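Listed below, chain by chain, are the residues.
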Amino acid sequence: MTHFYTDSDGNKVDNPRFLRKSEKALKRLQKRVSKKFRKGQPQSNNYKKAKDKLARIHLKVSRQRKDFAVKLARCVIQSADLIAYEDLQVRNMVKNHKLAKSISDAAWYQFRCWLEYFGNIYGKVTVAVAPQYTSINCSSCSRQVKKTLSTRTHKCICGAELCRDENAALNILAKGLSTVGHTGTQAWGQNDLCLDLETSVNKSAG
Ligand SMILES: [Zn+2]
């Protein structure tokens, strides 16, 4: 995953750096805690210290994650009248034991919850669409273009060539529009996703 967010206008938001940084820190601390654990004996002060630190980092990550999700969700909701997104299954996400993946999945799930929350507040339409075929189908001609996870560009014989995630975003938008019974006028708004988002998030995450 290179970007946390890609939309049908080509806006992209990188995976926040704090997710990668915290992933390393959490891994290291988790190792230290298990190393210092003594089975069937009273735990040492070093164990308690390491465990406290691990808990503090977990708390820090969850605050940063929330901050990031809230800011991005508010920007996205304010930038359009209709927001469609992939209806990813949370159960599949929880099953994933890879730490890096699970941290960003949790962030994504939280982002989605805030999208729905702000959608209600600002009176915007939010639609979760089934993820099937959203990355395979060509957004220009609907042909199926098979790709592996590492194929970053969607290239179709119809001439369409664009970022894989952007192609998927266009398919998701089309699916979303068909779900809400779109009637022809532009239902989505201006392409003005807050550009200072990364800066403001990085500042508060520092
Ligand atoms: Zn095509």
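Along every chain, residues carry numbers that run from 1 in the direction the sequence is written. Where totals are concerned, whole chains, interfaces and linings use all residues; where local detail is concerned, this predicted model gives features only for residues with pLDDT of at least 70, and gives and counts side-chain atom pairs only at 80 or more. Working from all heavy atoms in the structure, the side-chain values ignore hydrogens and water.

Going by an unreviewed UniProt entry, the protein chain carries the name Transposase and comes from Chlorogloeopsis fritschii PCC 6912. UniProt positions are given in the numbering used here, feature names are shortened, and annotations may be inferred rather than shown by experiment. The record in UniProt for the protein chain states the following under Sequence similarities (unreviewed entry): "In the C-terminal section; belongs to the transposase 35 family."

Trainee: Any chance you could explain the overall build of the protein chain here in plain terms?
Mentor: Under the DSSP-based scheme used, a helix requires at least four consecutive residues in state H or I and a strand at least two consecutive residues in state E, with every element numbered from the N terminus. Along the backbone of the protein chain there are 6 helices and 6 strands. Its helices and strands taken in sequence order, the protein chain reads β-β-α-α-β-α-α-β-β-β-α-α from the N to the C terminus. Sequence-distant contacts in the protein chain: of pairs separated by 6 or more residues, those separated by 24 or more amount to 66%. Accessible surface is estimated by sampling points in the Shrake-Rupley manner with a 1.4 Å probe; for residues, cover comes only from the protein chains shown. Summed over all atoms, the accessible surface of the protein chain reaches about 12800 Å², with 51% contributed by carbon and sulfur. A contact between two residues is defined here by any heavy atoms of the two lying within 4.5 Å.

Trainee: When you look at the coordination of the zinc ion in this model, what are you seeing that I'm missing?
Mentor: The rule for donors is simple: N, O or S, within 2.8 Å of the metal, or within 3.2 Å if the metal is Na, K or Ca. Water isn't counted, so a site may look like it is missing partners. In the first shell of the zinc ion, the protein supplies Cys138 (SG), Cys141 (SG), Cys156 (SG) and Cys158 (SG), at 2.2 to 2.3 Å from the metal. Sites are called tetrahedral only when four donors show all angles between 85 and 135 degrees, square planar or octahedral only when four or six donors show opposite pairs over 155 degrees and all other angles between 65 and 115, and irregular in any remaining case. Note that the zinc ion binds 4 donor atoms; their angles at the metal cover 106 to 113°, and the shape is tetrahedral. Expressed as a motif, the donor residue spacing for the zinc ion is C-x2-C-x14-C-x1-C. Assessed through its relative accessible area of 2%, Cys138 is described here as buried. Type-normalised accessible area, obtained with a 1.4 Å probe on protein chains alone, sets the label of each residue: buried when under 20%, exposed when over 50%, and partly exposed for intermediate values.

Trainee: Looking at this model, I keep getting lost on the packing of aromatic side chains. Mind explaining?
Mentor: Each aromatic ring pair is summarised here by two numbers: the centre-to-centre distance and the angle between the ring planes. Pairing of aromatic rings covers Phe, Tyr and Trp, the last counted by its six-membered ring, and requires centre-to-centre distances within 6.5 Å; plane angles under 30 degrees mean stacked, over 60 mean edge-to-face, and any other angle means tilted. Under the counting rule described, the total for this entry stands at 9 aromatic pairs. A ring pair is formed by Tyr5 and Phe111, whose centres lie 6.1 Å apart and whose planes are at 85°; its orientation type is edge-to-face. Here the residue Tyr5 occupies a position in strand 1 (residues 3-6), and Phe111 occupies one in helix 4 (residues 99-122), the gap between them amounting to 106 residues. Here Phe118 and Tyr122 contribute two aromatic rings whose centre-to-centre distance is 6.2 Å and whose plane-to-plane angle is 45°, an arrangement assigned as tilted. Linking Phe118 with Tyr122, this pair stays in helix 4, spanning 4 residues, or about one helical turn. You can call Phe118 buried: its relative accessible area is 5%. A connected cluster of aromatic rings, assembled from ring pairs, spans Phe4, Tyr5, Phe68, Trp108 and Phe111.

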